[in-house]
Structures are given as C-alpha cells and as structure tokens.
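Spelled out, the chains give:
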Amino acid sequence: MLNYIIRRLFYAIPILIGVNLITFTLFFVVNTPDDMARMQLGIKRVTPDAIIKWKQERGYDKPLLFNEGEQGLAQLTRTIFFEKSVAMFAFRFGRADDGRDIAYEIKSRMMPSLAIALPVFVLGLGVYVVFALTMVFFRATYVDFWGVVLCVALMSISSLFYIIAGQFLISKLWHLVPISGYGQHMDVAKFLVLPVIIGVASSAGANTRWYRTLFLEEMGKDYVRTARAKGLAESIVLFRHVLRNALIPILTGAVVVIPLLFLGSLIAESFFGIPGLGSYTIDAINSQDFAVVRAMVFLGSLLYIVGLILTDISYTLVDPRIRLE
Amino acid sequence: MVLKTQFKYLMLLLAIFVCACSGNPWNNPYPAKDAGGNILYSAFAERPKHLDPVQSYSSNEILFTAQIYEPPLQYHYLKRPFTLIPFAAARMPETIYLDRNGTRLPQNADAEQIAYTIYEIPIKQGIRYQPHPAFARDEQGEFRYHHLPEEELAKIHKLNDFAHTGSRELAAEDYVFQIKRLAHPRLHSPIFGLMSDYIVGLKEYSMILQTAAAARLDEQRVDTYLDLKNFPLEGAEVVDTYTYRVKIKGKYPQFMYWLAMPFFAPIPWEVERFYSQKGLAEKNITLDWYPVGTGPYMLSENDPNRVMILEKNPNYHGETYPSEGMPDDIEEGLLADAGKPLPFIDKVIYSRERESIPRWNKFLQGYYDASNIGSDSFDQAVQLSGQGEATVSDEMKEQGIRLETAVATSTNYMGFNMLDPVVGGVGKHGREAARKLRQAISIAVDYEEYVSIFANGRGVPAQGPIAPGIAGHREGKEGINPVVYDWENGRPQRKPIEAARALLAEAGYPGGMDVKTGAPLVLYFDVTARGAEDKASLDWMRKQFQKLNIQLVVRSTDYNRFQDKIRKGNAQIFEWGWNADYPDPENFLFLLHGPQQKVGEEGENASNYSNPEYDRLFERMKNMENGPQRQKIIDSMVSILRHDAPWLWGYHPRDYGLYHAWYGNVKPNRLSNNNVKYWRIDASLREQKRREWNKPVLWPVGLALIVLVAGLFPALVVYRRKERGMGIQGSVPGANEFGNLNA
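Computed from a predicted model, the values in this text were never measured in an experiment.

Moving on, we come to the overall build of chain A. Helix and strand content of chain A: 15 helices and zero strands. Structurally, chain A occupies a C-alpha span of about 80 × 55 × 35 Å along its principal axes. When each of the 325 residues of chain A is scored for burial, the buried share is 50%. Counting only contacts in chain A whose residues sit at least 6 apart along the sequence, the fraction spanning at least 24 positions is 69%. As presented, chain A carries roughly 15,400 Å² of accessible surface, and 69% of it is formed by carbon and sulfur atoms. For chain A, the centre of its 30 positive side-chain charges and the centre of its 24 negative side-chain charges are spaced 6 Å apart.

Tallying secondary structure elements over chain B gives 23 helices and 27 strands in all. Overall, chain B is about 110 × 85 × 65 Å in size when its C-alpha atoms are taken along their principal axes. By residue count, 53% of the 743 residues in chain B fall in the buried class. Within chain B, contacts between residues separated by at least 24 positions form 71% of all contacts whose residues are at least 6 apart in sequence. By element, 54% of the accessible surface of chain B is carried by carbon and sulfur atoms, the whole surface being about 33,400 Å². Side-chain charges of chain B comprise 85 positive and 91 negative groups, with the mean position of each set lying 3 Å from the other.

With 68 residues of chain A at the interface, the matching set in chain B holds 74 residues. Buried surface at the junction of chain A and chain B, both sides included, amounts to about 6,000 Å², of which 50% is carbon and sulfur. Interface area lost by chain A to chain B is led by Lys44(A), Arg45(A) and Arg100(A), which between them contribute 15%. The partner of Asp35(A) in a salt bridge is Arg561(B), with the nearest N and O atoms 2.9 Å apart. The tally of links between chain A and chain B comes to 21 residue pairs in polar contact (both at pLDDT 80 or more). At six residues, the largest contribution of residues to the side of chain A that touches chain B is made by helix α3 (residues 48–58) of chain A. Among the residues making up the side of chain A that touches chain B, the classes are represented as 29 nonpolar, 17 polar and 22 charged.

Moving on to helix α2 (residues 33–41) of chain A. For α2(A), a buried count of seven out of nine residues is recorded, marking the element as mostly surrounded by other parts of the structure. Along α2(A), the residues classified as buried are Pro33(A), Asp35(A), Met36(A), Ala37(A), Arg38(A), Gln40(A) and Leu41(A). Buried residues belonging to α2(A) abut α1 (2–30), α3, α5 (80–89) and α15 (290–318) of chain A together with α17 (559–568) of chain B. Positive backbone phi, approximately 100 degrees, marks Gly42(A), located one or two places after α2(A).

Glancing now at the pattern of salt bridges. Tallied over the entire structure, the rule returns 61 salt bridges over all chains. Across the pair Glu105(A) and Arg47(B) runs a salt bridge, and its minimum N-O distance is 3.5 Å. Taken as a pair, Glu105(A) in helix α6 (residues 102–137) and Arg47(B) in the loop between β1 (39–44) and α2 (59–68) lie in two separate chains rather than in one. Classification of Glu105(A) as buried rests on a relative accessible area of 2%. The class of Arg47(B) is buried, set by a relative accessible area of 12%.

Turning next to the domain arrangement of chain B. Residues and elements named next belong to chain B. Examined at the domain level, chain B breaks down into domain 1 (2–26 + 699–730), domain 2 (53–281) and domain 3 (410–655). Centre-to-centre, using C-alpha coordinates, domain 2 lies 39 Å away from domain 3. Counting residues at the interface gives 14 residues for domain 2, matched by 11 residues for domain 3. Taking both partners together, domain 2 and domain 3 bury about 1,000 Å²; carbon and sulfur atoms supply 50% of that area. Of all residues in domain 2, the largest losses of buried area upon contact with domain 3 belong to Lys-251, Gln-254 and Tyr-257, amounting jointly to 42% of the total for that side.

Attention now goes to the pairing of strand β20 (residues 485–488) of chain B. All names here are of chain B. Where β20 and strand β21 (residues 491–494) come together, four bridges link them in antiparallel fashion. Note that in β21 the partner of Tyr-485 across the bridge is Arg-494. The loop that links β20 with its antiparallel partner β21 comprises two residues; one of these, Asn-489, has a positive phi angle of about 50 degrees.

Residues and elements named next belong to chain B. Read across the open sheet, the four strands follow the order β1-β13-β10-β9; overall the sheet is mixed. Strand pairing shows two members of the sheet lacking a second neighbour, β1 and β9 (297–303), which therefore form its edges. Between one strand axis and the next, the sheet turns by 20 degrees as a mean value, whatever way the strands run. With six bridges connecting them, β1 and strand β13 (residues 347–352) associate as parallel partners. Bridging from a neighbouring strand, Tyr-41 pairs with Ile-349 of β13.

Okay, unusual backbone geometry next. Residues and elements named next belong to chain B. Omega for the bond connecting Arg-80 with Pro-81 falls within 30 degrees of zero, at 0 degrees, which places this linkage in the cis form. Here Pro-81 shows up in the loop between β2 (73–75) and β3 (84–86). With omega at -5 degrees, the peptide bond leading from Leu-342 into Pro-343 counts as cis. With respect to the helices and strands, the residue Pro-343 is situated in the loop between β12 (341–342) and β13. If you check the backbone angles, Ala-645 has positive phi at about 45 degrees while not being a glycine. Relative to the assigned elements, Ala-645 resides in the loop between α20 (628–644) and β25 (647–659).

All names here are of chain A. Mapped onto the secondary structure, Ser-301 falls in helix α15. Overall, the relative accessible area of 12% leaves Ser-301 in the buried class. Here the side chain of Ser-301 touches Val-297 through a polar contact of 2.8 Å, landing on its backbone oxygen. Among the polar contacts made by the side chain of Ser-301, one reaches the main-chain carbonyl oxygen of Phe-298 at a distance of 3.0 Å. Those residues in contact with Ser-301 that sit more than four places away from it in its chain are Leu-16 and Val-19.

This brings us to the nonpolar core. All names here are of chain B. Ranked by size, the top nonpolar core spans 105 residues in total, and within it Met-195, Ile-199, Phe-255, Trp-258 and Phe-264 carry the most contacts. Looking at this core element by element, the count peaks at five residues for helix α4 (residues 172–181). Beyond its immediate chain neighbours, meaning those up to four positions away, Ile-199 contacts Ile-179, Leu-182, Gly-235, Val-246, Lys-247, Ile-248, Lys-249, Phe-255 and Phe-264.

Each value, and the rule that gives it
Residues numbered from 1 in each chain as written. Chains lettered and ligands numbered in written order. Predicted model: local features only at pLDDT ≥ 70, side-chain atom pairs only at ≥ 80, totals over all residues. Heavy atoms only, no water. Helix = DSSP H or I, 4+ residues; strand = E, 2+ residues; numbered from the N terminus. Buried < 20%, exposed > 50% of the residue type's maximum accessible area, 1.4 Å probe, protein only. Contact = heavy atoms within 4.5 Å. Areas by Shrake-Rupley, 256 points an atom, 1.4 Å probe, with all protein chains shown as cover. Lys, Arg positive; Asp, Glu negative; His and termini not counted. Charge placed at Lys NZ, Arg CZ, Asp CG, Glu CD. Buried area = accessible area lost by both parts, 1.4 Å probe. Salt bridge = Lys/Arg side-chain N within 4 Å of Asp/Glu carboxyl O. Polar contact = N/O pair within 3.5 Å; in protein donor to acceptor, adjacent residues only side chain to side chain. Nonpolar A, V, L, I, M, F, W, Y, C, P; charged D, E, K, R; others polar. Domains from an automatic or database assignment. Pairing = 2+ DSSP bridges. Axes fitted to C-alpha atoms, helices over the stretch in contact; angles between N-to-C directions. Core = buried A, V, L, I, M, F, W, Y, C linked by side-chain atoms within 4.5 Å.

The structure is reproduced here in structure tokens:
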C-alpha cells in the first residue's frame, strides 16, 4: 500500500503543475500585471512610475512564461510563472499583493472555516443516511413517496435562498441566534448554529436521494434476501448489512471532501461573516490578488488529491477484498 | 479526564442558561460583558489595505487612520463651507512667500512673483503617543525592542505579545520624518507624484533614497533599515522641537488642505525602526497593520477578517467639542455638548459585514448604530412627502430612527472622449459639429428622471463640474447651465427635446441621420461589465438617445479593459465619477485641465478635453485665494465648459444615513473623517431597545418539536408492526425456499 501511496503522490506533481499553469494562464488572460498594480495602488493619482516600481518589487516586471532576453534555461526560469510557482511547491506562499503574509492568513482562517464545515459534514452525513434509510425502510409507502417529493423540492431551491430565508426566519423574526458574525472561544457556538443548520438543510435533498438510491440498489441484492431469510429484523438488515455495503459509494463522495473542509464555503462565509478561507478567496478574486488566488487554488488541488488518496485507503478499510497495489 | 470534559460541557450549558436568563438577547452578536458599554457599533464591508498614513487613501482606510493620527490641521466639524482649523498645530500655519532670490514677499504678492512658499507650522506641546512597544525602554534607558534577537522574535506573534510599552512626546521632527517617507522607495505613497511637483527637493530625495536602499541591498546587510534622519530634505525641516517648515515651489494654497489629511500625520522614527526588524513583517507586525498615533483613539484589535476595534487613547491630550456652528445646529442640538472634553465614546467596534442584507437587519435589531440605505431597502426606510422631501418611513419612525442627508462633495458624470472623431470632432468644422452633437445629447439625457428612477431621488442634477458646498459653486438662476436649462417659475427647467433636435441637425445629423453618408448615427457607450440589475439603466440610457433617433450601442467589458480603453483613449462615451479630496474648486476643475489628459499624460482628465483658454484661466485660478476675483474666473471657466460640453454633468449624489435615537451629534459629510470623537451614544437607551426588539420567539421551536414527535410516533408504530410482521412472514409459504438458501 505504501508503494501505491508514493506512486500516487508522484502522479500528483504533474497534476499540480498543470493546475498551476491553467490558473496562471486564466488569471493573466483577464488581468495584466499593470491591472494588478493599479488595483493595489488605487484609482486616484496613480503614476506610471509607481506602477513600474510596484511590479519590480513583486517580480511582476518579468515576462509571463518565456524570457527572450535570457539565455538557456534562464529563458524559462526568469519568468513570472516559474518564480511564483517554484516557491509554492515548497509551501512558501509568500505575500499577498497588499503585503500581508499568506501562510499567516491561511493558518488564522483555517479554524473558522473548519468550525462550520466539519459540523455540517458530520451532522449532514448522519442526517442524510438516517433519512435515506428511513425512506428505504418505508419504501413504496406514502412516507417514501412524500420523502422523495420533499427531497426534489429541497434540491430545487438555491442555496442562497436557504441562507436568506434562514437568516430572515431564525434570526430576524424569531431572534433565536445572531444573523451573522463570529466570536472567540465559547462565544463561537451561537454563531455556528444557523450556518450549520442551513448547511445541512441545503444539501439534504440531493444527498438523501442519492443515498436512498444506493441503499435501494443494495436492498435488491442476494445477501439482503439471505439476511431476511435468516429471520433478521429489518432494522438489523438495514443498519448492519445494507449500510455497510453501501459505504463504498458513500465514501467516494464523502472522504474526498474531508481535506477540502479547510477551504470553507465561498457564499456561506460571506453571508454569515465567518472569517474563513472561503471569504479570503472571494476577497482575493475581487481585488485581483494573484498571489492569494494562486495559493488557494494550489492548496485546493493538493487537498483534493489528498482526499482521493484517502478515499482509496478508506476502501481497504471497509472492504477487505480491496488491495492497493 | 472524562470528569473534566463533563465539567466543560456543564459550564457551557450553564453559560447558555445564564445568557438566556440574564435578559441578554439570544441574537446579540456581541459578548454579554459589553452590554450597556459606551461603545459605538459599526460595520465595514471591505478590509482596509493600508493603515500606514503614507499609503492609505481609500475611504475605508481613512475611516480608521483619521481617528488614530493627528495631522496638523482638521476641518471644523460644524461650520459650512468647510473651514480648516488647527488639530495638532498650535495655530494655523504661517505662510511666507519668497521670490527667486529668497526675498520675502508681501501676502498679497502676485502669484507669478512667488517662487517658493514656506509653511511654518507650530505644534502643540505636551501631546503624547499612544502606548506602544516601539517606545519601551529598559532600566538603562535603551530601547527594549529595537534589536530583537531571533529567539525573542520566535515568541512574538502579535503586537500584544510585547510585555512592555512606552510613549514619548510628539515632536516637530515626526512630521518632517513623515514627509520624507512620502519618497521612501519601499512605500508607495499615492500622493508622491503630486507632492514631488511641489515640495522642494522631494523628487531628488526619492532618487537619493533609492540609491541608498540599493546600496544596502548590494552590501547584503541583514538590517536594511533606511534611517531617513540621515538624509536631509530641503523642502521639510525642523525649526525647533515644536516647529517645522515645509517649503513648496510657487504658490499652492490647496497645500493647506493636504495638511488636514493623514498623509501629513506624524510618524516617530522609533516606530519605523521597530517595525523594520526582520521577522516582524512575516507576522504581519507592520506599521501598515498596527498604526501608532497621538489621536483620540488607538487600534486595539486588528482582525480585518472579523473585527477592528478602536479604543480611547489613554495618552490623548484632550480637545473640546466646538462651541460654534451654523444657525441650524443649535436647533438640532448639535451645540448641546459645546466645550465638553472629547472623545465621548470609549470604544468603537467595527465588524466585517460583507453582505448588505445581514448588515441592514442587524441595524434594525439595534446591533449597528447607523446604516446607509441600499436601493433594496430604500422603500422600507424612506418615504417622500408631497413636496419631494425625504423622511423616514412610519416603520422607522416607530423605532426612533432618524434620517440625515447631505449632498456629497462628489460628482457622477458621463464623459465624451474628445479624441474620438465623432463626439470630439476633427478639424475646425468637425469640432464645432461635435460640440453641437454633445450639447444636443446633454439636453436629451434627462438626469432628473435618472436620479428619480435609479437613485431613489438621492442626487442633485449637476449644472457643472463643481459640487454644492464647494467654493465656486453657484445656486439659483445664476448657477444654471444655459445650454441645457431655462429658468422658469423659480427653478431650472430642462430645454424641450426640439431644442436638442435642432442642435443635432446643425451638427449634421438631422433626424439622427448622417447628412454625408445617409446612415443613422450610431454612438458607443463603454461601460464596465454589469449584471442583470443594471439592464434597466442601460435600456433607459438607450431610450434617452433614441429621443434624438441616435442608436446607442452598449459596449460592456470587464473593469480592467474598461480602464485600459480610457487610458488609451479608445472609449467614446463613458460614465465616471470623482470624490473631492478637499473643498476647493481646483479639485474639480483640474479634471478637465488639458495637461491632465489621460492619453499621453496619465492624468485625471478622462475626457482628454483641452481648451487653451480654459487651461490659461485654470492656471490663474488655481493659486488664488477664494474671493470675488476667483469666483469671476471660475464662472468664466464653467461657462466655457458648459459651452463645450465635454461631459454630461450628471448629478451630485446625496448621502442618506439612518441613525438610531441613541446616536447623537451627527453632522454628516464626506470630507472631514475624524468625526468619531464628536459622536455620542446613549448606551442605556440602546440596551433597553435591544432587549425590547429582540425577545426570542420560542413557539417555532416548540412547534418543530411537536411536528417531530408527531412524525416519529406513527413511524414508530409502523416500525414495530413491520418488525413483528417479519416474524409472521417467516412461516408463510416460500420460507422453505429461503431456508434452503441459508443451508
């Protein structure tokens, strides 16, 4: 298994380089280094000299991908792409365009993101599985039928609506929790209630339906018939046999997102005033801060790769027949 | 261990219970300990990029820096038109005019004779800086934290990790030090370009510093601190401990306004030395993050992702609330605190609120003390009387919320690119035709309607470039733009569309058709990419041009490309705006000054307008003191502009602000930013209203529980029946078959 993991990690390198190259190209197609300088220096009274100086200081005065003024390998290495990318592979994210340390920001914003994403993930998984199993238990009854209708209805609503409606009802009308904000220490809890409820509710429709389909597929298999024939109670059949065997597709979807939980949610963090990494990315895109956008995309792709490896490992844990070689 | 965890949860439950029983609203986003505190609660949407006064320029940055730093001058809080008064200065600066030989000239000397102006600025004695580790000294009198070893640095993560702080008295050298910082090669002061044209030697000083900084890098010194004290600047010098001089080229009366901005606030060298230590910047411990000033407040918490907190500076030297103001101020209670010591508020909590909906709702719940009005909440907040006067809606009135309005010292206009052959014209006849075309469009585009539909009436249609409240602006009949308006029944009346059509025909486009080609006239409106919500305003604009049978094509592009088009002169018609830096007509009229063209000069004249007569008058006007002679020149200049119509003058926005009943001493304006010290909060009233407005509504929770139980009960019954049913099914025919499989 170790060999397999090492091999997968090596495969990750070209993927990361590719992602980095695509991010770089897309970003600089839309924003030139001059645009970035103007954005940082402000709109009023920006002189050409100030722009040149800003670019020189941050290394944006070089060619993007190929330096014709250099010889040999330096034609590739003395470029913005190379200089900005190499450091990142050593996890040196450098400074944001406003001069602030990116690693420091990531460290300080990781916890708020996780404080929402983790409960949403864990609670959500539990709730969706229970709901799906309940619908399967009552399959072909009105509970199942109306359950599916409810799921389709929930799926049809935009996540933004959940946020606005949740804030309106729970915070504005009923005054039960703060509308937005984030606290310190014990105070954090009251700010998490609403985003967690909304986070779980907004994905309930799609996930419950998906899990229900997985469980139903398992229900039709021979071993379930066998278990029933043995006289096992339906609840034992569902929770001990069906659930365990349906775990592989559930894990495929769930484990891969675990590392990404650190990156937070773009919209929810913005609406709930959570100082996490999702809002950091949004801010960076709005302010054309390439250093931050690049770091966040790199981190996202890296964590995604880690998630995929973890998924593979988790297969071996839930299904002893699978070997990673 | 288990007991410890259980104890923790017990405490948490207890805390929730206490919170629920204490009467503190459940939805209160602030800690219970702050309840009833003399605290102002506000919000900010965008995190400030810079808090170093040499760099900060945006309004969301000055919001903080203006409370922390003390430039020599400030604007009188209540007087209008805006009046400069001393802030850290002991009195208004003495202005000395010199000729080329250095001979002193009289105060009424002709501007052309004046080669240099010296501003001699005395500062108040006894002003002290806020407590800061940069000033901390050990028992031997040495600075504790100026040469931190690596192991010490490793223990530092934020400014509060320094155990000791110190302070010292403000000195004139701190102001000189800051002026030198405008040219620092590492810092990017947005006003360096402008100031290097005026402050004697500043441009050369920048080159000297660049060379010195490069030399330090070449020598590969670990400590790259550039001590500006070792580099004298001719244009800024210390006279004595409490007096300094700034020497500028020629006469530039507007320089006094710059002295009221944080760019000219004092920075002590100790602070620059302290922050320059390697390793601190990696932890975001920089002057750009932790400002150090002598003003009424200091930044005690800087987490721009969540909250920024200003607290009273314990070393503040004190100041009193103004005793004079405008006649209405007494009636509005703005002079009730006259002579009382400032600041009134102990602490200001600015919470990061990116979205307008939560911000607005928190204001209505009493968790923000003031709010602006978004277009989506306008109808809920404001109602217009029969006379068109805006007042708060009944719902707001019930909550005790009041509305304060002020015309902003800014202008939103639609510009024509004068380099464009169609709207700018080529050759004498072409330019004349283009002028008539622009005048026709000026009449056709109905800004009264625009303000009414798209700005909810929050704006004043402009008659020229100068905003109301600025010297040079004229009200009434003599202030109207005669190209676009007639004076009828005591108010300006837009000319009929026939007048515009006649002008269009004279321009060579009768009925909107080009006489030369016979093709319909097509014009291009360059805008930044907009969402669906702006479609209505673009359609409206098309309709305005359609009145003249002109086809308007909207060219939408992203913000960067739009800026690029303007810089290169590739746009034809565009929308733009300007917020005044200071209350002087020069700050508006320079936007159409020829040498300030965008194309080629990288100036602020986005229309690339150039008129030699206008430019000549501008040169005369800019150095004059306000008075009848200056007004006469301004009138001539504005008249030229109206005739040439390089802009559709658009409108001057009117700021609407909502304030709760407990918020006092508010007189809104956009120019003086150090206003927090004047404001007052009735914290007990706020506390009472918050409790009243935010009582938790518990029936939905009960209902949810009932629904849950009601749903669970039949499910449980069915479950039990089903579980039992399985056993019975085991004995029915077919069971043997399963049994066989089992076997």
